[in-house]
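Observations on the three-dimensional arrangement
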Amino acid sequence: MAERAASREPFVPAVYQPPLPTDRLILKHGSPGAGDRTELDVLIVGAGPAGLACAIELANLAKRGGGAELNIGVLEKAAALGEHCLSGAVVNPRALRELFPGLPDSDFPFRAPVRKEAVYLLTAEGRLRLPTPPTMRNKGNYVASLCEIVRWLGQQAEALGVNVFTGFPAASLLVEGQRVVGVRTAAAGLDRDGRPLANYVAPNDLVAKVTALAEGTRGMLSQAWSEWQQVPAENPQIFALGVKEIWETKRPLDRIVHTLGWPLPRDAFGGSFLYPLAPNLVALGLVVGLDYRDGTLDIHSLFQRMKLHPLFCRYLEGGEMVEWGAKTIPEGGYYSVPARRSGDGVVILGDSAGFVDVPSLKGIHYAVQSGILAARAIFAALRSEQASAVQLAEYDRAVNASFIMQDLYRTRNMRLAFKDGFYTGGLKAGLMTLTGGRFPSRKIAMQPDAAVPRRTGLAGGAGRDEPRVADGTLTFSKVDGVFKSGNTTRDTTPTHLIVGPDVPPDAATFYAHMCPAGVYERVDGTLRVNAPNCVDCKATDILGPRWTPREGGSGPKYKRM
Amino acid sequence: MNDVLAVLEQRERTLRKVSNEVVTGARRLADALGQGGGGARVDALVIAAGTVAGADQLGGFGADKVITLTNPAFGHYAPEGHARVIADRAKAGGYGAVVFAASATGRDLAPRVAARLGVPLAQDITDIAVEGGAVTVVHPVYAGRALLKLKLTARPAIVSLRPNVFTAVQRPRAGSAETAAVDAPVGRVVVTGIKHAAAGALDVAEAAIVISGGRGLREPANFKLLEQLAAAFGGRAAVGASRAVVDAGWRAHADQVGQTGKTVSPTLYIAVGISGAIQHLAGMRTSKVIVAINKDRDAPIFKVADYGVVGDLFEVVPKLTEEIKKLHG
Amino acid sequence: MKIAVCVKRVPDSETRVKIASDGKSLDEAGVKFILNPYDEFAVEEALRRREHAGAGEVVIVSLGPPAAQETIRTALAMGADRGILLQADRVPADGLEVARALGAELKAGAYDLVLFGKMAIDDYNHQVGPMVAELLDLPCVTAIAHLEIAGGKGTAEREIEGGVEVVEFPLPAVLTTDKGLNEPRYPALKGIMAAKKKPLEVKPTALGAGSLEVLALSPPPQRKDGRVVGEGSAAVPELLRLLRDEAKVL
């Protein structure tokens, strides 16, 4: 395909995106190819906050019910709990209180209560303090590390007899008719060309009466199931991409900070956060909606530049960057949550179902709550041996009646309003806040991120003026970031990314900027894929080559993200 | 007593070069132990099937006496026999310390000797001193990310020296030599032979000099420049590669230096056309001396290199090869 | 075939080393612990020998804190039969003390083979295996990268500088394993489930103080700031001069 030099034609990512490989993602139960087969009562895919909360609540219900212990298995693709979990985070404790009634807040794996907070509008050199929007007030909430929360939840789950299998990614759903009966895991020990090595491990089939999909953002099996079952949603799901670092600082931080504006261009939605995990251990990051218009926008570069702003560098100067990571966030809110998140033999939890409230930047307590509600519905359904769609629909009813959907409904258009730009969006969002969501109230229609056209060519982009060379003390290259994510993926694993045919140079450039981990490079007009760099943020699955799971333990090893 | 027993290594009746380092380290320790008065001797011990070439040079490194103990059974390394002979000698001679090289043989032998004598072993040390009459050592741990300082309170103090650290220092000493036959206890563990490595198959992790190339080489054929430079060093150098060029299929994964490849710690590491990403640095950061050649003066590799040359590698490397050839005559 | 494998719980190799406030040990906050990678070769070899012999037992022994039970379970998940934890608050720096404790436990076991990893990736000591062999008066070969066993006798190969040493020895014996001996298996999912039910005996162990004292744990010296020697091929003579006279590596 000839290059459209200095093209004025917008670039539409969807054109070059291969479709979801559903023939691989949905397999008939009994299909050949598996080694071992294990039977469980309940199978949970993903040991994040939603998956583990579901496991814990289920185990407790079984214990209290006095009947037989439930055989519960949780599959986690990371080598150890928490290693693929990343969030800000400022957590609302209400769901953990529900999961562990009687436990005081001080026993929860939080870092510190939020005492002070500030919101700023940043410019290249300065800042303007804004009044904290009501949706962003965090009194009563706690600064936390999601990794630490997940490791703690994991301990609680294992103490209750839950089997947590780390290093086992779920690669396909196993179905019988319309019913989900389990999953097949990915193989391990293949070489670059897909040939088995000496320590090859065949995929495992795990079958259960109910499978709970808690895969986190842009869950693959959740997508496949919703597409297969043609589950409608009012809007497609849309996403943001965040890049985050943790720093040990010389100067203490005593408040949580959020910023809007610079360095994001006005037609991009997002902002930054700066949280103290401890006075001298800060988490900071920059998040941008993936419907950004400038095809050269490079969130990692913008984030590196952002750290040079006085607001940030006064904390970071003299300190040390100890971790780096990236993750996408489902941002569609109320209208993007699928009409049903349950079916025959299956329920969908947490981020995979889209339970994230962008205006308040909250998702963890919704994930935990969805896990609790799912557990209750599953437990009741198991009683009657069937676990049918009708019975599991009780989970949907419970979620719809809970604070999860109430909260999402209230802010249903706030993020969506920003599709028209920062100021218009800000104005609309302000009005929504004032009117408690009543005005403007009609659903704002959105396109999937991949369908949004991007400006290409040399016309000034947010990718301009990036620090040409990272200095290695305050700013870092993508490759160095990947090192700090703890990623030691075997260089010879088969590539897990499905690239569309005939990727033109424009697409290669777009992917290279999009990916925070430097997986994609444009080399002499062609696309070069450095798959081992991938940190599973899923931006690629949303805008570019499709993501599939690699052998267990691949990807980042986050410690306190 | 403050005398030090230095255990040397021989192969095929010739002393291995690392023996010079062992004597140098032993001499340093003996001088420190002897400070209190009375001085201290260094007796060098070599166990072999017969006389060993090079043994008479050791006075030049500070040995007072070289003792060659012979038995036909000691042609190859005989772990149980060596351990017994050395332990008996250490006891009989009342030595204050026994020094080994932390070579493949030394790492095997030193623990046996220590256990026989009922004393601890400080293995693979990079520094040695005497403080308050006790031997103190430094031992790198966590892959060189930290240094452990230890005190040995028992006597004799048994230590093994990391190779290439205690650079052999000429310290002439009027010494003597003696050779004696010893009984070889029947060993259950028998070395039946040594397979020699094929010529040219020097592994990057073993080589004293590593020359690595990155994307700056532009194409696989250009690695020939690095191979020529390696050859100019006369068999001591191996050619390594950054992850980028291995991923591109230019070089074998066995040559990859870096976090997901091999970790190397040569005496001299020359990075050619390599930018210096942390994952590469993680694989060579503990090299003794790092040289970088790159045309981008802002490349991060220059921050970690001891000596840098900013320039076109296609000019610099051939010139370097030419000069090295001259040096080696 | 009855085989014991001694394993150690160690910090993950990617650990950022932070020194604890006592100045002598690692700050363990947030550190991920794993089964010593060299021990994995030992566990794998033991499993293969048991499979090859058709019958036998693989026993995992470790000296360490209570959390080392998890490390033993990892080996059990790979397929070992049972575990023994010699529980002690700290693993002493003195390898001989560790060897004494392990040796006392192994003595009565009548093992055909006792396997160790050649070294631990935290202390880099390369010593406990051969010390245990000496205390138990068993033949020992260290750092093996190839192993054959037939009729109560073994042949091993170990890397030495510039070559490979071929060694013969009788069983029972102590062996320490090096990279290249085998490709350790990933624990199977069923293995992970089964491991929870396999016997793991915990024996509180008192250790001698030893005579190797830790004085300090410190970061490595900062590399001296390097410098750009010059530009282009004109810089080569100066570079060589520095390498020869200043760095003394030529």
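Along each chain, the written sequence defines residue order, and numbers are assigned to residues from 1. Both sets of labels track the order of writing: A upward for chains, 1 upward for ligands. Note on the predicted model: pLDDT of at least 70 is required for a residue's local features to be given, and 80 or more for side-chain atom pairs to be given and counted; whole-chain, interface and lining totals, by contrast, use all residues. To get the side-chain values, all heavy atoms of the structure are used, and hydrogens and water are removed first.

1. What about the packing of aromatic side chains?
Residues and elements named next belong to chain A. Put simply, the rule is: Aromatic rings from Phe, Tyr and Trp, taking only the six-membered ring of Trp, are treated as a pair when their centres fall within 6.5 Å; an angle between ring planes under 30 degrees marks them as stacked, one over 60 as edge-to-face, and anything in between as tilted. Under the scheme used here, helices are H or I runs from DSSP no shorter than 4 residues and strands are E runs no shorter than 2 residues, and both carry numbers assigned from the N terminus. Accessibility here uses a 1.4 Å probe with only protein chains present; expressed as a share of the type maximum, an area under 20% marks a residue as buried, one over 50% as exposed, and anything in between as partly exposed. By the criterion adopted, a ring carries a charge over it if an Arg CZ or a Lys NZ lies within 6 Å of its centre and within 35 degrees of its normal.
Taken as a whole and assessed by the stated rule, the structure comprises 17 aromatic pairs over all chains. Ring geometry for F108 versus W152: centroids 6.0 Å apart, planes at 85°, classification edge-to-face. Of the two residues, F108 sits in the loop between helix 3 (94-99) and strand 5 (112-113) while W152 sits in helix 4 (residues 146-159), which places them 44 residues apart along the sequence. Per residue, the accessibility class of F108 equals that of W152, and both read buried. Clustering of aromatic rings is evident, with ring pairs tying together F11, Y16, Y292, F510, Y511 and Y520. Between R412 and the ring centre of Y409, over which it is positioned, the NZ or CZ distance is 4.0 Å. One cation-aromatic arrangement involves K538 over W547; the distance from NZ or CZ to the ring centre is 4.4 Å.

2. A closer look at the pattern of salt bridges
Residue and element names in this part refer to chain A. The condition is simple: Here a salt bridge means any side-chain nitrogen of Lys or Arg lying within 4 Å of a carboxyl oxygen belonging to Asp or Glu.
The full count for this structure, using the stated rule, is 72 salt bridges over all chains. The shortest N-O distance in the salt bridge between E39 and R37 comes to 3.0 Å. R37 gets classed as partly exposed once you look at its relative accessible area, which sits at 39%.

3. Examining the sheet that holds strand 4 (residues 90-91) of chain A
Test applied: In this analysis, strands are considered paired if DSSP registers two or more bridges between them.
Strands sit in the order 4-8-5 (chain A) across an open sheet of 3 strands; the sheet is antiparallel. The open sheet has two free edges, formed respectively by strand 4 and strand 5 of chain A, since each of these has just one partner strand.

4. Notes on empty space enclosed by the protein
The condition that has to hold: Method remark: on a 1 Å grid restricted to protein atoms, a set of points is classed as a cavity if a 1.4 Å probe fits but cannot get out and as a pocket if it is open with protein on both sides within 12 Å along at least five of seven lines; lining residues have an atom within 4 Å of a point. Grid points are joined across faces, edges and corners, and a volume is the space filled by probe spheres set on the points. Under the convention adopted here, Pro, Cys and the residues Ala, Val, Leu, Ile, Met, Phe, Trp and Tyr are nonpolar, Asp, Glu, Lys and Arg are charged, and Gly plus all remaining residues are polar.
According to the stated counting rule, one finds 5 cavities of 30 Å³ or more in the structure shown. If you go around the largest cavity, you meet 23 residues; those closest to its centre are B:E9, B:Q10, B:Y77, B:H82 and B:T105. Of all the secondary structure elements, the ones that give two or more residues to the lining of the largest cavity are strand 2 (10-11), strand 4 (42-48), helix 2 (79-92), strand 6 (97-101), helix 3 (104-117) and strand 13 (190-196) of chain B. In terms of residues, the lining of the largest cavity owes the most to one element, helix 3 of chain B, which gives 3 residues. Among the residues making up the lining of the largest cavity, the classes are represented as 12 nonpolar, 6 polar and 5 charged. Roughly 90 Å³ of volume is contained in the second largest cavity. Lining the second largest cavity are 13 residues, and of these A:C515, A:V519, A:C534, A:C537 and A:T540 sit closest to its centre. Of the residues in the lining of the second largest cavity, the class split is 10 nonpolar, 1 polar and 2 charged.

5. Things to note about the interface of chain C and chain B
Our working definition: Throughout, a contact is declared for two residues whenever any of their heavy atoms are within 4.5 Å. When two components associate, each loses some accessible surface as probed by a 1.4 Å sphere; the sum of these losses over both components is called the buried area. N or O atoms within 3.5 Å of each other form a polar contact, as long as, within protein, one can give a hydrogen and the other can take it, and as long as residues adjacent in sequence are counted only when both atoms are side-chain atoms.
If you look at the interface, chain C gives 73 residues, while chain B gives 74 residues. Roughly 6,400 Å² of surface becomes buried between chain C and chain B when both sides are summed, with 57% attributable to carbon and sulfur atoms. At the junction of chain C and chain B, the tally comes to 8 salt bridges. When the shortest N-O distance is used, the salt bridge between B:R11 and C:E161 registers 3.6 Å. At the junction of chain C with chain B, the criterion picks out 36 residue pairs in polar contact (both at pLDDT 80 or more). Elements with a contribution of two residues or more to the side of chain C that touches chain B: helix 3 (95-107), helix 4 (128-136), strand 7 (140-150), strand 8 (153-160), strand 9 (163-170), strand 12 (212-218), strand 13 (227-231) and helix 6 (236-246) of chain C. Residue contributions to the side of chain C that touches chain B peak at 8 residues, all from strand 9 of chain C. Counted by class, the side of chain C that touches chain B contains 38 nonpolar, 14 polar and 21 charged residues.

6. Re the domain arrangement of chain B
All names here are of chain B. What counts, and what does not: Throughout the structure description, domain borders are defined by an automatic or database domain assignment.
Per the domain assignment, the segments making up chain B are domain 1 (4-181) and domain 2 (209-327). Here the C-alpha centroids of domain 1 and domain 2 sit 35 Å apart. Taken together, the contacts link 4 residues of domain 1 with 4 residues of domain 2. On the domain 1 side of the contact with domain 2, A143, R145 and N164 bury the most area, a combined 72% of that side's loss. Counting across the domain 1 and domain 2 interface gives 0 salt bridges.

7. Observations regarding the sheet that holds strand 11 (residues 157-161) of chain B
Whether parallel or antiparallel, the strands of a sheet pair through hydrogen bonds between backbone atoms. Residue and element names in this part refer to chain B. We count it as follows: A fitted line through C-alpha atoms represents every axis, and for helices the fit uses only the stretch in contact; the resulting angles, taken between N-to-C directions, go from 0 to 180 degrees.
Strand order in the open sheet made by the 7 strands is 7-11-6-1-4-5-12, with parallel pairing throughout. For this open sheet the edge positions go to strand 7 (121-125) and strand 12 (176-181), each flanked by a neighbour on one side alone. Each adjacent strand pair in this sheet contributes to an overall mean axis angle of 20°, direction not counted. Where strand 6 lies against strand 11, 5 bridges are found, and the strand directions are parallel. Bridge pairing in strand 11 links A101 to L161. Along the sheet, helix 2 contacts strand 1 (4-7), strand 4, strand 5 (65-70), strand 6 and strand 12; its crossing angle with strand 4, the most-contacted strand, is approximately 155°. Against the sheet, helix 3 makes contact with strand 1, strand 6, strand 7 and strand 11, and its axis sits at roughly 160° relative to strand 7, the strand it touches most.

8. Some points on the confidence of the model for chain B
Inclusion rule: For every residue, the pLDDT score states the predictor's confidence, bounded by 0 at the bottom and 100 at the top.
Per-residue confidence for chain B gives a mean pLDDT of 91, with 98% of residues at or over 70. On the interface metric, ipTM, the complex scores 0.94, and its pTM is 0.91.

9. A short note on the packing of helix 2 (residues 49-65) of chain A against helix 9 (residues 364-383) of chain A
All names here are of chain A. Definition in use: Note on convention: near helix rotated counterclockwise from far helix by under a right angle means a left-handed crossing. Clockwise means right-handed.
Their axes nearest at 7 Å, the elements helix 2 and helix 9 cross at an angle of 35°. Considering how the two elements wind past one another, helix 2 and helix 9 form a crossing that is right-handed. Residues P49, A50, A53, C54, E57, L58, L61 and A62 of helix 2 lie in contact with helix 9, whose contacting residues are I364, A367, V368, S370, G371, I372, A374, A375, R376, I378 and F379. Tallied by class, residues from the contact of helix 2 with helix 9 come to 15 nonpolar, 2 polar and 2 charged.

10. Concerning the packing of helix 9 of chain A against helix 10 (residues 389-400) of chain A
Residue and element names in this part refer to chain A. For clarity, the cut-off: Convention used here: angles under 35 degrees read as roughly parallel, angles over 145 as roughly antiparallel, angles from 65 to 115 as roughly perpendicular, and any remaining angle as oblique.
Between helix 9 and helix 10, the shortest axis-to-axis distance is 8 Å and the interhelical angle comes to 150°. One way to sum up the angle between helix 9 and helix 10 is to call them roughly antiparallel. At the point where helix 9 passes helix 10, the crossing takes the right-handed sense. Across the interface between the two elements, S370, L373, A374, A377, I378 and A381 from helix 9 touch Q391, L392, E394, Y395, A398 and V399 from helix 10. Looking at the contact of helix 9 with helix 10, its residues break down into 9 nonpolar, 2 polar and 1 charged.

11. Considering the interface of chain C and chain A
Across the contact, 16 residues belong to chain C and 30 residues belong to chain A. Interface area lost by chain C to chain A is led by C:R16, C:Y186 and C:L189, which between them contribute 37%. There are 4 salt bridges connecting chain C and chain A. Salt-bridge contacts for A:E320 lead to C:R16; the nearest nitrogen and oxygen are separated by 3.3 Å. Our count for the contact surface shared by chain C and chain A stands at 7 residue pairs in polar contact (both at pLDDT 80 or more).

12. What to know about the side chain of B:N20
For B:N20, the position within the fold is in helix 1 (residues 18-33). In this view, B:N20 contacts B:L58, B:F61 and B:A168; residues no more than four positions away in its chain are not counted.

13. Description of helix 4 of chain C
Burial runs high along helix 4 of chain C: 7 of the 9 residues are buried. One or two positions beyond helix 4 of chain C, positive phi appears at C:D137, with a value near 55°.

14. Let's talk about the state of the cysteines
Residue and element names in this part refer to chain A. Inclusion rule: By convention in this document, the label disulfide applies to cysteine sulfur atom pairs within 2.5 Å.
In total, this model carries 0 disulfides over all chains according to the counting rule given. As a non-bridged cysteine, C515 has C537 as the owner of its nearest cysteine sulfur, 6.1 Å distant. Summary of cysteine pairing: C534 is not part of a disulfide, and the nearest cysteine sulfur, belonging to C537, is at 6.6 Å.

15. Things to note about the pairing of strand 17 (residues 289-294) of chain B
Residues and elements named next belong to chain B. The buried count for strand 17 comes to 6 of 6 residues, which makes it a mostly enclosed element. Covered by surrounding structure in strand 17 are V289, V291 and I293 together with I290, A292 and N294, the residues of both alternating faces. Note: strand 16 (residues 268-272) against strand 17, 5 bridges, orientation parallel. The partner of I270 across the bridge, within strand 17, is V291. Judged from the 4 bridges that link them, strand 17 and strand 18 (residues 307-310) form a sheet pairing that is parallel. If you follow N294 over to strand 18, its bridge partner there is V310.

16. What to know about unusual backbone geometry
Here the amide bond leading from B:R155 into B:P156 is cis, since omega sits at -5°, within 30 degrees of zero. You can see B:P156 is positioned in the loop between strand 10 (146-152) and strand 11. With an omega dihedral of -5°, the bond running from C:L171 to C:P172 counts as a cis peptide bond. Relative to the helices and strands, C:P172 is located in the loop between strand 9 and strand 10 (173-177).

17. Quick word on the side chain of A:E323
Residue and element names in this part refer to chain A. For clarity, the threshold we go by: Positive charges are assigned to Lys and Arg, negative charges to Asp and Glu, while His and the chain termini are left out of the count.
Along the chain, E323 turns up in strand 19 (residues 320-330). For E323, which is buried and forms no salt bridge, the nearest opposite charge comes from R560, at a distance of 4.4 Å. A distance of 2.8 Å separates a polar side-chain atom of E323 from the backbone nitrogen of K559. Polar side-chain contacts of E323 include one of 2.8 Å to the backbone nitrogen of R560. Filtering out sequence-adjacent residues up to four positions away, E323 remains in contact with K244, E245, I246, K484, K557, Y558, K559, R560 and M561.

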